[in-house]
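# Structure assessment
Here are the chains, one letter per residue:
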Amino acid sequence: MNKLKLNELIKAQDWTMYGIIASIYLIWRIGTVGSWSKECWVLLLICLLGVRKDQIDVDWRRFFLFGLPLLGVFYYFYGSGNSFWWKIANWMFENNRHPWNWDSYMNAIPLNTGGWARWIATPSLDKAMVWIYNYGFVLSLWICIVRSFWTRSIKKMISYALSGHMLQFPLILPFYNLILLHEVWYVNKQPDLLQRVFTDENSVLVATMNCFPSMHTSISFAMLLLALREKDRIFKSMMVTYCAAIIFSTLYLQIHWVIDVFAGMLFAYGTVKLSDFLIRTASNKVLPAKFKLFYRKGAPSSSKEMSA
């Protein structure tokens, strides 16, 4: 009898509403941990305007069973990822495993400093570029992950995450461990346009040595490539504009060399293709059939993503 009442109580609950509330709270926590400014939230909201055009036919309750835990896992690693990255950077600096020093070589290549990007430079543009650069490393990825969450697509969430930090961090470390290349402003003894505060010379060297390829470029370009696959024109236009601005900011602020940027774009393309391969392989050979049946139960057969 008690079990029957419990089942009735569970069925009577509006689990879809609970899932939406939990989702909004989790996304708010993501922004809080990242110290998002109001401009970050505005950009996210604009990118969500046409989200229905890319939604797939999956019941919200079934999606929340997998989507919420997955978003929670991404949130957890986001909170602890920054300290982990700096531990790796410090380890590389202390062990000094850089057989190739490219500072002089890169500085000798004409136009490679990207100084031409500052042909038009104003205080207002400086401020805008600093904002774009400082948030660009994670905001471009989070906008795509959060939007893919509201499209009810686990596949898209994993695709953006893999093409972003999940694959790029481990794959880019060999470059940073072998090649010593400092930021443009440091090599040319110019002021740091980001106006960072360094406690000592060692902290300066650690913060400015990982340049090739540009990971700001590779993250944003990977998001741009994936965003172009979506249907909503508002989202595609915003991400192309924002991601292109991130890439431009690395040159405008004299952080990365032009070759770093092109290498970052090529690296991003390879990462996206690798992500596609891993997802396709896992979906066809690893993912249990029972999971597929449960997840798409009740969805129309015309759902392109489910049939894929």
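Scroll up for the structure.
Below you will find a few notes about this structure. (Residues numbered from 1 in each chain as written. Predicted model: local features only at pLDDT ≥ 70, side-chain atom pairs only at ≥ 80, totals over all residues. Heavy atoms only, no water.)

## Description of the overall build of the protein chain
- Scanning the protein chain for helices and strands turns up 14 helices and two strands.
- The buried share of the protein chain, reckoned over its 308 residues, is 47%.
- Considering only contacts within the protein chain whose residues lie at least 6 apart along the sequence, 86% involve residues at least 24 apart.
- When the accessible surface of the protein chain is summed, it comes to about 16700 Å², and 65% of that surface belongs to carbon and sulfur atoms. (Helix = DSSP H or I, 4+ residues; strand = E, 2+ residues; numbered from the N terminus. Buried < 20%, exposed > 50% of the residue type's maximum accessible area, 1.4 Å probe, protein only. Contact = heavy atoms within 4.5 Å. Areas by Shrake-Rupley, 256 points an atom, 1.4 Å probe, with all protein chains shown as cover.)

## Concerning helix 9 (residues 201-208)
- Of all the positions in helix 9, only Val204, Leu205, Val206, Ala207 and Thr208 are classed as buried.
- Among the residues of helix 9, the N-terminal cap falls to aspartate 200, whose side-chain oxygen and the backbone nitrogen of asparagine 202 are separated by 3.2 Å. (Polar contact = N/O pair within 3.5 Å; in protein donor to acceptor, adjacent residues only side chain to side chain.)

## Some words on the packing of helix 3 (residues 38-47) against helix 11 (residues 233-252)
- Between helix 3 and helix 11, the least distance of the axes is 8 Å, while the angle of their chain directions is 140°. Of helix 11, the residues touching helix 3 (which contributes Leu43, Ile46 and Cys47) are Ile234, Phe235, Met238, Met239 and Tyr242. (Axes fitted to C-alpha atoms, helices over the stretch in contact; angles between N-to-C directions.)

## A short note on the side chain of serine 220
- Residue placement: serine 220 occurs in helix 10 (residues 215-227).
- We classify serine 220 as buried; its relative accessible area is 0%.
- Within the structure, serine 220 has its side chain in polar contact with the backbone oxygen of threonine 217 (distance 3.1 Å).
- Residues within four places of serine 220 in sequence aside, it is in contact with Ser140, Cys243, Ile246 and Ile247.

## Describing the packing of helix 7 (residues 154-178) against helix 10
- Here helix 7 crosses helix 10 at 150°, and the two axes come no closer than 10 Å. For the element pair helix 7 / helix 10, the angle class is roughly antiparallel. Considering only the axes of helix 7 and helix 10, their crossing is right-handed. Here Ser159, Tyr160, Ser163, Gly164, His165, Gln168, Phe169, Ile172 and Tyr176 of helix 7 come into contact with helix 10, specifically with Met215, Ser218, Ile219, Ala222, Met223, Leu226 and Ala227. (Parallel < 35°, antiparallel > 145°, perpendicular 65-115°, else oblique. Left-handed = near helix turned anticlockwise from the far one by under 90°.)

## Focus: the environment of alanine 263
- Looking at the element boundaries, alanine 263 is found in helix 12 (residues 258-286).
- Measuring from C-alpha to C-alpha, the distance between alanine 263 and proline 213 comes to 5.2 Å, with 50 residues separating the pair along the chain.
- Not counting chain neighbours up to four residues away, the residues in contact with alanine 263 comprise Phe212 and Pro213.

## Focus: the side chain of serine 140
- Inspection of the secondary structure assignment puts serine 140 in helix 6 (residues 123-150).
- Here serine 140 falls in the buried class, since its relative accessible area comes to 0%.
- Of the polar contacts made by the side chain of serine 140, one reaches the backbone oxygen of glycine 136; its length is 2.9 Å.
- Those residues in contact with serine 140, other than ones at most four positions away along the chain, are Tyr135, Ile219, Ser220, Met223, Met239, Tyr242, Cys243 and Ile246.

## Structural notes on the pattern of salt bridges
- Counted under the stated rule, the structure contains 10 salt bridges.
- As a salt-bridge pair, aspartate 232 and arginine 147 come within 3.8 Å of each other at their nearest N and O atoms. Taken as a pair, aspartate 232 in the loop between helix 10 and helix 11 and arginine 147 in helix 6 lie far apart in primary sequence, 85 residues in all.
- Overall, aspartate 232 belongs to the buried group, its relative accessible area being 0%.
- Of the residues examined, arginine 147 reaches a relative accessible area of 1% and is grouped as buried.
- Among the ionic pairs, arginine 229 bridges to aspartate 276, the shortest N-O distance being 2.7 Å. (Salt bridge = Lys/Arg side-chain N within 4 Å of Asp/Glu carboxyl O.)

## Structural notes on the packing of aromatic side chains
- Taken as a whole and judged by the stated rule, the model has 20 aromatic pairs.
- Seen from their ring centres, tryptophan 185 and tyrosine 186 are 6.0 Å apart, and the 85° between their planes marks the pair as edge-to-face.
- The partly exposed category is assigned to tyrosine 186, whose relative accessible area is 24%.
- An aromatic cluster of three or more residues is present, and its members are Trp60, Phe63, Phe64, Phe149 and Trp150. (Phe/Tyr/Trp six-rings, centres within 6.5 Å; stacked < 30°, edge-to-face > 60°.)

## Points about the environment of serine 283
- By the element assignment, serine 283 lies in helix 12.
- Once the C-alpha coordinates of serine 283 and lysine 155 are considered, the two residues, 128 residues apart in sequence, prove to be 9.3 Å apart.

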